[in-house]
Amino acid sequence: MSSSGQTQGETTMRLGRANLDRLAPRIRRPAYDRSRITPGIVHLGLGAFHRAHQAVVIDDCLSAGANAWGIIGASLRSPDTRDALAPQDHLYTVAVRAAEGTEHRVIGALLDSVVAREKPSRLVDRMADPSTRIVSLTVTEKGYCHTPQTGDLDERHPDVVHDLNNFDAPRSAPGFIVAALARRRAQGLSPFTVLCCDNLAANGHTVQRIVTQFAALRSKDLGKWIADTVAFPCTMVDRIVPETTDADRDAVASALGLRDAWPVMTEPFTQWVVEDRFATGRPDLAAAGVELVTDVKPFELMKLRLLNASHSALAYLGYLAGYETIADTMTDPHFARLAAQVMEEAAVTLTMPSGTDLAAYRASLLKRFSNPALHHRTWQIAMDGSQKLPQRLLGAMQDRIARNMPIATHALAVAGWMRYVTALDEHGRAIDVRDPLAGELAALAREAGPVAERLAPALLGVTKVFGPLGAKQRLREAVTAALGRLYAQGARRAVETLVST
Ligand code: CS2
């Protein structure tokens, strides 16, 4: 923590149940008696995104009287969130930032938290408890132990291997879900609904496939029971939630008059579209602003191919051009145009329900990316690209190739990723590449050297990411040419050239 953080920490009282009434009067706080709330949801992956998105919706449900739907959060590995939140009775602040100012709200929906690594059986017990009716997840793309390109369980993933040998003491999200469902089945309990809230293509179906494949490795019967009885609704989740910094914590303490060690920062926009398939009940989500639909797919593709695709394009190319945040990147008109162009290329690959205004959606995304109050680092979004590229960029490229349409903008985004994962920036400085395949990608890059004609084919050959698409002539040509321009001109000029032609 920064020295100013420490100073304030020493002099400002900690947020907690006992001192909610000391909050500055304008701060919204739980409008219900928390002692009457019982848990109905177990959430895996207690990161900032969950706390700024689903937990806020659940907080609204609790305010409306849905007392049996409190959340127990689980961090799969790190104790940091539990250690920060337990001393403040799991209360925390959501700071909603806009150019005009910040609104703060204290959320009470999270009742308790567990750290799975410390005592896996405690989490399995909690998930198997009859009161648990929904298990939701935000474990990031890589948390599903699957092959991003195919959507199948990666049976050789170290956590999967571990979990199959330690069935009652798992490590991975699929391992916990299967262990808890097996327990419920043995006890004659109905299963919980599995609600994936990560940016995966067809997220519910994908997680259903992964979990069923995992279970079948343990027992064919269990796999079949899960396939037949467990509901895995698809969801589209959207809210931009940058990592919280020490400066953010200080700003929140000043606004609250109390110190919160684990606040979350976000934007005014929030959207949650959910398929209404809950086997064992749900709170009244619609009353809390959730869009309940029969088919999420079009909304999910819209979000992945418009928002996330242009986000990733800005992240790789913006980082290489020296921009620290998305909002900084968007101040450069060529990069703003690049984001718009990625969306234009992708939009024609979407088939939306009538009444969807894609042009308005695209305009709202550009505005959200430009929010000067959000410090969303390009480096943060650049993380785990190997897990993100297929659903964000490659699907739209495949569709456009099938229709004989140009793919130059998407190709530059993919080339930006390639240049980024070499782990050396345009000035020869090291890039801290965070990606499960970082080592493999950097080794390929070292072998190929900084030559587009060698590097592009080498990386396109990584089938876990590109699958058969990597062998397509049109894709190879477009990506190789884009990477060549990145090496010849640098990211800033390459983006300018692209959007000016
Ligand atoms: C971002 C997303 O980090 C990333 O990859 O693109 O987290 C994005 O901010 C959210 O999906 C917005 O809903």
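Structure shown above.
Residues numbered from 1 in each chain as written. Predicted model: local features only at pLDDT ≥ 70, side-chain atom pairs only at ≥ 80, totals over all residues. Heavy atoms only, no water.

What about the environment of Ala186?
Mapped onto the fold, Ala186 is located in helix 7 (residues 173-186). It is 9.9 Å that separates the C-alpha atoms of Ala186 and Leu222, two residues lying 36 residues apart in sequence. (Helix = DSSP H or I, 4+ residues; strand = E, 2+ residues; numbered from the N terminus.)

What to know about the nonpolar core
Counting 82 residues, the largest nonpolar core has Leu306, Leu338, Leu412, Met418 and Phe466 as the members making the most contacts within it. Of the domains in this structure, domain 1 (17-293) and domain 2 (297-500) are the two that each give at least three residues to this core. In this structure, Leu338 is in contact with Ala313, Leu314, Leu317, Thr409, Leu412, Val495, Leu498 and Val499, ignoring residues within four places of it in sequence. (Core = buried A, V, L, I, M, F, W, Y, C linked by side-chain atoms within 4.5 Å. Buried < 20%, exposed > 50% of the residue type's maximum accessible area, 1.4 Å probe, protein only. Domains from an automatic or database assignment. Contact = heavy atoms within 4.5 Å.)

With respect to the side chain of Thr147
Along the polypeptide, Thr147 turns up in strand 7 (residues 146-147). We classify Thr147 as buried; its relative accessible area is 19%. Setting aside anything within four residues of it in sequence, one finds Thr147 in contact with Asp152, Asp154 and Lys464.

Here we look at helix 6 (residues 158-165)
By the burial criterion, the buried members of helix 6 are Asp159, Val160, His162 and Asp163. What you see down the axis of helix 6 is that its buried residues fit within an arc of 160°, all on one side. Exposed side chains of helix 6 directed beyond 90 degrees from the buried face belong to Pro158 and Asn165. Each element contacted by the buried residues of helix 6 is listed here: strand 8 (152-153), helix 7 and helix 8 (203-218). (Arc of directions from axis to C-beta.)

Comments concerning the sheet that holds strand 12 (residues 271-275)
One open sheet holds the three strands; their spatial order is 10-12-13, and the pairing between them is mixed. In the strand order of this sheet, the two ends are held by strand 10 (235-238) and strand 13 (291-293), each with one partner. Taking each pair of neighbouring strands and ignoring which way they run, the sheet shows an average axis angle of 15°. Pairing between strand 12 and strand 13: three bridges, direction parallel. Residue pairing in the sheet places Val274 in a bridge with Leu292 of strand 13. (Pairing = 2+ DSSP bridges. Axes fitted to C-alpha atoms, helices over the stretch in contact; angles between N-to-C directions.)

Some details on the site of the ligand
Inspection of the region around the ligand gives Asn199, Val237, Asp238, Arg239, Ile240, Lys303, Asn308, His311, His376, Ile381, Lys388 and Arg392 as its neighbouring residues. Asn199 is positioned such that a nitrogen or oxygen atom in its side chain is 3.0 Å from an oxygen atom of the ligand. Calculation on the ligand without its partners gives an accessible area of 350 Å², and the protein chains cover 88% of this total. Counting residues per element, the ones that place at least two in the shell around the ligand are strand 10, helix 11 (297-320) and helix 16 (385-402). Here the shell around the ligand gets three residues from one element, more than from any other, and that element is helix 11. Its residues assigned to classes, the shell around the ligand shows three nonpolar, four polar and five charged. (Near = heavy atom within 4 Å. Polar contact = N/O pair within 3.5 Å; in protein donor to acceptor, adjacent residues only side chain to side chain. Areas by Shrake-Rupley, 256 points an atom, 1.4 Å probe, with all protein chains shown as cover. Nonpolar A, V, L, I, M, F, W, Y, C, P; charged D, E, K, R; others polar.)

With respect to the packing of helix 16 against helix 21 (residues 473-500)
Interaxial distance between helix 16 and helix 21 falls to 10 Å at its minimum, and their mutual angle equals 120°. In this view, helix 16 runs oblique relative to helix 21, as classed from their interaxial angle. For the pair helix 16 and helix 21, the sense of crossing is right-handed. Contact residues: Met397, Arg400 and Ile401 in helix 16; Arg474, Leu475 and Val479 in helix 21. Grouping the amino acids of the contact of helix 16 with helix 21 by side-chain chemistry returns four nonpolar, no polar and two charged. (Parallel < 35°, antiparallel > 145°, perpendicular 65-115°, else oblique. Left-handed = near helix turned anticlockwise from the far one by under 90°.)

Observations concerning the environment of Met330
Relative to the assigned elements, Met330 resides in helix 12 (residues 326-330). Met330 sits in the buried class, given a relative accessible area of 9%. Residues Met330 and Ser63, spaced 267 residues apart in sequence, show a C-alpha to C-alpha distance of 38 Å. Filtering out sequence-adjacent residues up to four positions away, Met330 remains in contact with Leu314, Ala336, Ala339, Leu366, Phe369 and Ser370.

Focus on the sheet that holds strand 11 (residues 264-266)
The three strands are arranged 4-3-11 in an open sheet whose pairing can be described as mixed. Edge positions in the sheet fall to strand 4 (101-107) and strand 11, since each of these pairs with one other strand and no more. Looking at each pair of strands side by side, their axes are set apart by 25° on average, direction ignored. Examined bridge by bridge, strand 3 (residues 92-98) and strand 11 share three bridges and lie parallel to one another. Residue Val96 lies in a different strand from strand 11, and its bridge partner there is Thr266. Seen against the sheet, helix 3 (residues 54-63) touches strand 3 and strand 4 and runs at an angle of roughly 65° to strand 4.

A look at the pattern of salt bridges
Taken as a whole, this structure holds 28 salt bridges when the rule is applied. Across the pair Asp59 and Arg105 runs a salt bridge, and its minimum N-O distance is 3.0 Å. You can see Asp59 sitting in helix 3 and its partner Arg105 sitting in strand 4, a full 46 residues away along the chain. Each member of the pair Asp59 and Arg105 is classed as buried. As a salt-bridge pair, Asp250 and Arg259 come within 3.2 Å of each other at their nearest N and O atoms. (Salt bridge = Lys/Arg side-chain N within 4 Å of Asp/Glu carboxyl O.)

Remarks on helix 7
The end-to-end C-alpha distance of helix 7, which contains 14 residues, comes to 20 Å, matching closely the 20 Å that a straight helix rising 1.5 Å per residue would cover. In terms of burial, helix 7 is largely enclosed, as eleven of its 14 residues are buried. Where helix 7 is concerned, the buried positions are Ala173, Pro174, Gly175, Phe176, Ile177, Val178, Ala179, Ala180, Leu181, Ala182 and Arg184. Near the N-terminus of helix 7, the side chain that reaches the backbone nitrogen of Gly175, with its oxygen 3.0 Å away, is that of Ser172. Backbone geometry just downstream of helix 7 places Gly188 in the positive-phi region, at approximately 70°. (Expected span 1.5 Å × (residues − 1).)

Examining the environment of Thr132
Counting through the fold element by element, Thr132 comes out in the loop between helix 5 (120-128) and strand 6 (134-137). Since its relative accessible area comes to 1%, Thr132 is described here as buried. Taking the C-alpha atoms as reference, Thr132 lies 21 Å from His205; in sequence the two are 73 residues apart. For Thr132, the contacting residues outside a window of four places in its chain are Gly40, Val42, Arg126, Met127, Arg184 and Phe192.

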